[in-house]
Amino acid sequence: MKFAILAAGGIAEKMAEAVSGIAGMERYAVASRSLEKAQAFAGKWGFQKAYGCYEEMLEDPETELVYVASPHSHHYDHAKMCLEHGKHVLVEKAFTVNARQAQELIHRSEEKGLLLTEAIWTRYMPSRKMIDDLVGSGVIGQVTSLTANLGYVLADVERLQKPELAGGALLDLGVYPINFALMVFHQEVTGVTSTAVMSPLGVDWQNSITLTFAGGKMAALHSNMLAQTDRQGVINGDRGYIEVQNINNCEEIRVFDLDRRMTARYSVPEQINGYEYEAIACMEAIRNGQTECREMPHSETLRVMKLMDDIRQTWGMRYPCE
């Protein structure tokens, strides 16, 4: 599988590292708006070709799967460009700016029979099944609530401060606690309440979200781009609770009983850096002729985007590119 990267920024480096260790995945091409940057990236990570124009890379008939690593504001245009050139696409999270854009891309990928999936790595990791299996085993009994948070000191990251680049905590960080909750509670979301602290430029610096699910389950979620948080997820049941250390890339899973005594702890499998799982899932889906990955089906991408649309609407937060 000839793998290509569109936009040679920091997150593209992580994907390049992961792809370097995947059997059957060929580091084929990278494109940047700067040819010099693309050439430097290709040389560092062993990609065969470097392009100073996205369209040129997409016109290369040998390019098969493209990872879109540009800012959120550009995901729609760049993913659409890939699809129009007949390429399979792995789009970095957040998938698009809003659900309307997501729906248009999904419709186009299905129409053309091309894979299109969201690179929300936590959906693809082995830890996801480990958590599901533990909850399903009944070890902590009937589960009724969870909490999850994600925060880093990112105040100096330009793309996160700018509304025109679809910045803010929600699309970059909040998407992880939201996905964590949806992966644990598979029921319909029946209620959403939220609040945010906004920057002078009009993006959310931090936010708090409560989701209510069918059957009365609740998830209390927080994301913050001004402070470091413990990144922990806690799943609560009537026989104990489960702690997930780092919801952004699970490091360990711990089980506690009603006396708050740890009864079990589970390590996750060794990984290259965690990005490899989504790339492997794409390769398998393409070989099977699928237009979506089972780990992150189109329906779930749309569900997350619609939730974030509704949340932003209550804050009055709208991006210039919408």
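Everything that follows concerns the structure shown earlier in this document.
The rules behind these values
- Position numbers for residues count from 1 along each chain, tracking the sequence in the order it is written.
- Since the coordinates come from a predicted model, pLDDT governs what is reported: local features require at least 70, and pairs of side-chain atoms require 80 or more to be given and counted, while whole-chain, interface and lining totals use all residues.
- The side-chain values count all of the structure's non-hydrogen atoms but skip hydrogen atoms and water molecules.
- Strands qualify as paired when DSSP identifies two bridges or more between them.
- For helices the rule is a DSSP run of H or I covering at least 4 residues; for strands it is a run of E covering at least 2, with both sets numbered from the N terminus onward.
- A right-handed crossover is one whose linking path, passing over the helix from the first strand to the second, runs clockwise when the strands point away from the viewer.
- Working definition: with a 1.4 Å probe on protein chains only, accessible area under 20% of the residue-type maximum means buried, over 50% means exposed, and in between means partly exposed.
- Angles shown run from 0 to 180 degrees and are taken between the N-to-C directions of axes, each axis being a line fitted to C-alpha atoms and, for helices, limited to the stretch in contact.
- Only heavy atoms enter the contact rule, under which two residues are in contact if any of them lie within 4.5 Å.
- Any angle that falls under 35 degrees is termed roughly parallel, while one over 145 is termed roughly antiparallel, one within 65 to 115 roughly perpendicular, and all others oblique.
- Left-handed describes a crossing whose near helix is turned anticlockwise from the far helix by less than a right angle; the clockwise case is right-handed.
- Three categories are distinguished: nonpolar for Ala, Val, Leu, Ile, Met, Phe, Trp, Tyr, Cys and Pro, charged for Asp, Glu, Lys and Arg, and polar for the others, with Gly belonging to the last.

## Some remarks on the pairing of strand E2 (residues 26-31)
Thinking step 1. Inspection of the sheet shows strand E1 (residues 2-6) paired to E2 by five bridges, in the parallel sense. Bridge pairing in E2 places Phe 3 opposite Arg 27.
Thinking step 2. Across three bridges, E2 lies against strand E3 (residues 49-51) in parallel orientation. Looking at the pairing, Ala 29 lines up with Lys 49 of E3.
Thinking step 3. As a crossover connection, the stretch from E2 through helix H2 (residues 35-45) into E3 is right-handed.

## Some points on the pairing of strand E13 (residues 252-256)
Thinking step 1. The element E13 is extensively covered by neighbouring structure, given that four of its five residues are classed as buried.
Thinking step 2. By the bridge criterion, five bridges tie strand E12 (residues 240-245) to E13 in an arrangement that is antiparallel. By the bridge assignment, Gln 245 is partnered in E13 with Glu 252.
Thinking step 3. Remark: six residues form the turn of the hairpin made by E12 and E13, two consecutive strands paired antiparallel; Asn 246 in that turn has positive phi of roughly 75°.

## Considering the sheet that holds E3
Thinking step 1. One open sheet accounts for six strands, arranged E3-E2-E1-E4-E5-E6; its pairing is parallel. Each of the sheet's edge strands pairs with one partner strand only, and the pair in question is E3 and strand E6 (116-119). Sheet twist, expressed as the mean angle between neighbouring strand axes with direction ignored, is 20°.
Thinking step 2. Sheet analysis places E1 next to strand E4 (residues 65-68), joined by four bridges and oriented parallel. Looking at the pairing, Ile 5 lines up with Tyr 67 of E4.
Thinking step 3. Where helix H1 (residues 10-19) meets the sheet, its contacts fall on E1, E2, E4 and strand E5 (88-92), and the angle it forms with E1 comes to roughly 170°.

## Considering the packing of helix H8 (residues 169-184) against helix H10 (residues 298-315)
Thinking step 1. Packing of H8 against H10 leaves a shortest axis separation of 11 Å and a crossing angle of 125°. Classed by the angle they form, the pair H8 and H10 counts as oblique. As for how H8 packs across H10, the hand of that crossing is right-handed. Facing H8, whose interface residues are Leu 170, Leu 171, Val 175, Ile 178, Asn 179 and Leu 182, H10 presents Glu 300, Arg 303, Val 304, Leu 307, Met 308, Ile 311, Arg 312 and Trp 315.
Thinking step 2. For the contact of H8 with H10, the per-class residue count stands at ten nonpolar, one polar and three charged.

Distances and angles like these do not, on their own, reveal function.
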